[in-house]
Amino acid sequence: MFLNTVLVVLTDLAARLLGNTVFRQHFHLWLSAVVMFGPALNLWVSQHSVFAKRSHFLYRMFLRSGWGWTCIFVGSFVFLLSFSIRRSLSLSIRHLSRLGVAGGLWLGFCKLLDLLENATGSCYEPLLSGPEVTNGQPLLVLREGESKSVCLKAGMVWRGYEVSEDVFLLCLCCLLLAEETAVFGPYLSLGGISDAPLRILFLFCVLLLALWIFLLLCLLAYFPQFPTQLLGGALGCLSWRGLYQGWYRLGPSWCCPGRPGMGLLNIKTSSADTTEDTKPNHEN
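Residues numbered from 1 in each chain as written. Predicted model: local features only at pLDDT ≥ 70, side-chain atom pairs only at ≥ 80, totals over all residues. Heavy atoms only, no water.

1. Re the pattern of salt bridges
In step 1: Enumeration according to the criterion identifies six salt bridges in this entry.
In step 2: A salt bridge links glutamate 180 to arginine 98, with the nearest nitrogen and oxygen atoms 2.8 Å apart. Remark: arginine 98 occurs in helix α5 (residues 89–120) and glutamate 180 occurs in helix α7 (residues 165–181); sequence separation between them is 82 residues. When sorted by exposure, glutamate 180 lands in the same class as arginine 98, which is buried.
In step 3: In this structure, the salt-bridge partner of glutamate 117 is lysine 148, at a minimum N-O distance of 2.7 Å. Taken as a pair, glutamate 117 in helix α5 and lysine 148 in helix α6 (residues 148–153) lie far apart in primary sequence, 31 residues in all. The same class applies to glutamate 117 as to lysine 148, namely buried. (Salt bridge = Lys/Arg side-chain N within 4 Å of Asp/Glu carboxyl O. Helix = DSSP H or I, 4+ residues; strand = E, 2+ residues; numbered from the N terminus. Buried < 20%, exposed > 50% of the residue type's maximum accessible area, 1.4 Å probe, protein only.)

If you want it as structure tokens, here you go:
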């Protein structure tokens, strides 16, 4: 009983925050400011911290499979919420298709960025010994015809145009999580049924959003790379704006899954209005 009360209080508070109009309208601006000014945190953080190592557990466990974690928790929440309201498998799949579209966009951009890096970059082999080494800096010899992946696996140096895929992924996941979980607040305010499994999934999504923000701050503070991280953040924000603020606003159709809550919250509202209208008739 006590744990259920704690769960209800925590999820209600988080739902009010994520469903707040001010938060929804300004979260992307706050995230953009974090990406722009986050590297300045490097002046205050300690390079001896455990988060200054790329081999840290959080980087290996979550960052390398960030999209998978996001799909698992957000997909489960979206499916359970939509199916519990309408009991329609087709509607639930339509809402889940937003994750598929975002995942396809992310993979497409990653492939495009990889092609761009291979086309604009070059591989260099450092000469670690000999008279060519001056001031502790080895001479770099150009190796033509090598791709970035082969170059780095061989222990050589790759230099070229890059966009931070980690920052791109984290920004996209943060904005996606904020959009998909924002409907839970209005759903609760309309008197929607919220049992423990749905609340637990929502809480996991909120915790995942907090983790992505924390990892984003760690990357910016401990591994600053300007302007590659800024470009990655800009690409993530543009992807979110093109989907959630552009295409999904067209409304649900065969070629558009619609915005989060579309076809769910309005059904809940109409059913509540119908109940209120029928009450006087029963009294009479």
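2. Let's talk about the nonpolar core
In step 1: Formed by 70 residues in total, the largest nonpolar core has its most connected members in Phe77, Trp212 and Leu216.
In step 2: Of all the elements, helix α9 (residues 196–222) adds the most residues to this core, at 17 residues.
In step 3: When sequence neighbours within four positions are dropped, the list of residues in contact with leucine 216 reads Leu31, Val34, Val35, Val167, Leu170 and Cys171. (Core = buried A, V, L, I, M, F, W, Y, C linked by side-chain atoms within 4.5 Å. Contact = heavy atoms within 4.5 Å.)

3. Thoughts on the state of the cysteines
In step 1: Evaluation of the coordinates by the stated rule reveals one disulfide.
In step 2: The disulfide that involves cysteine 123 links it to cysteine 151, with 2.2 Å between the sulfurs. What sets the handedness of the cysteine 123 and cysteine 151 disulfide is the S-S torsion sign, and at about 85° it is right-handed. Within this pair, whereas cysteine 123 is found in strand β1 (residues 122–127), its partner cysteine 151 is found in helix α6, the two being separated by 28 residues in sequence. (Disulfide = S-S within 2.5 Å.)

4. Observations regarding the environment of arginine 259
In step 1: Inspection of the secondary structure puts arginine 259 in the loop between α10 (228–244) and α11 (265–283).
In step 2: Through-space distance from the C-alpha of arginine 259 to that of glycine 246 is 9.8 Å; in sequence the pair is 13 residues apart.
In step 3: Not counting chain neighbours up to four residues away, the residues in contact with arginine 259 comprise Arg24, His95, Arg98, Glu179, Tyr244, Gln245, Tyr248 and Arg249.

5. As for the packing of α5 against α7
In step 1: Between α5 and α7, the least distance of the axes is 12 Å, while the angle of their chain directions is 165°. Our classification of the angle between α5 and α7 gives roughly antiparallel. Crossing hand, α5 versus α7: right-handed. Facing α5, whose interface residues are Arg98, Leu99, Ala102, Trp106, Phe109, Cys110 and Leu113, α7 presents Glu165, Phe168, Leu169, Leu172, Leu176 and Glu180.
In step 2: Residues belonging to the contact of α5 with α7 are distributed by class as follows: ten nonpolar, no polar and three charged. (Axes fitted to C-alpha atoms, helices over the stretch in contact; angles between N-to-C directions. Parallel < 35°, antiparallel > 145°, perpendicular 65-115°, else oblique. Left-handed = near helix turned anticlockwise from the far one by under 90°. Nonpolar A, V, L, I, M, F, W, Y, C, P; charged D, E, K, R; others polar.)

6. Some remarks on the packing of aromatic side chains
In step 1: Enumeration according to the criterion identifies 17 aromatic pairs in this entry.
In step 2: With 5.9 Å between their ring centres and 90° between their planes, phenylalanine 109 and phenylalanine 168 make a pair best called edge-to-face. With phenylalanine 109 in helix α5 and phenylalanine 168 in helix α7, this pair connects stretches of sequence that are 59 residues apart.
In step 3: Since its relative accessible area comes to 23%, phenylalanine 109 is described here as partly exposed.
In step 4: Overall, the relative accessible area of 0% leaves phenylalanine 168 in the buried class.
In step 5: Ring geometry for phenylalanine 184 versus tyrosine 187: centroids 6.1 Å apart, planes at 25°, classification stacked. Pair noted here: phenylalanine 184 and tyrosine 187 are both in helix α8 (residues 184–189), with a separation of three residues, about one helical turn. Assigned by exposure class, phenylalanine 184 and tyrosine 187 land together as buried.
In step 6: Here the aromatic cluster, defined as three or more aromatic residues joined through ring pairs, consists of Phe57, Phe62, Trp69, Phe73 and Phe204. (Phe/Tyr/Trp six-rings, centres within 6.5 Å; stacked < 30°, edge-to-face > 60°.)

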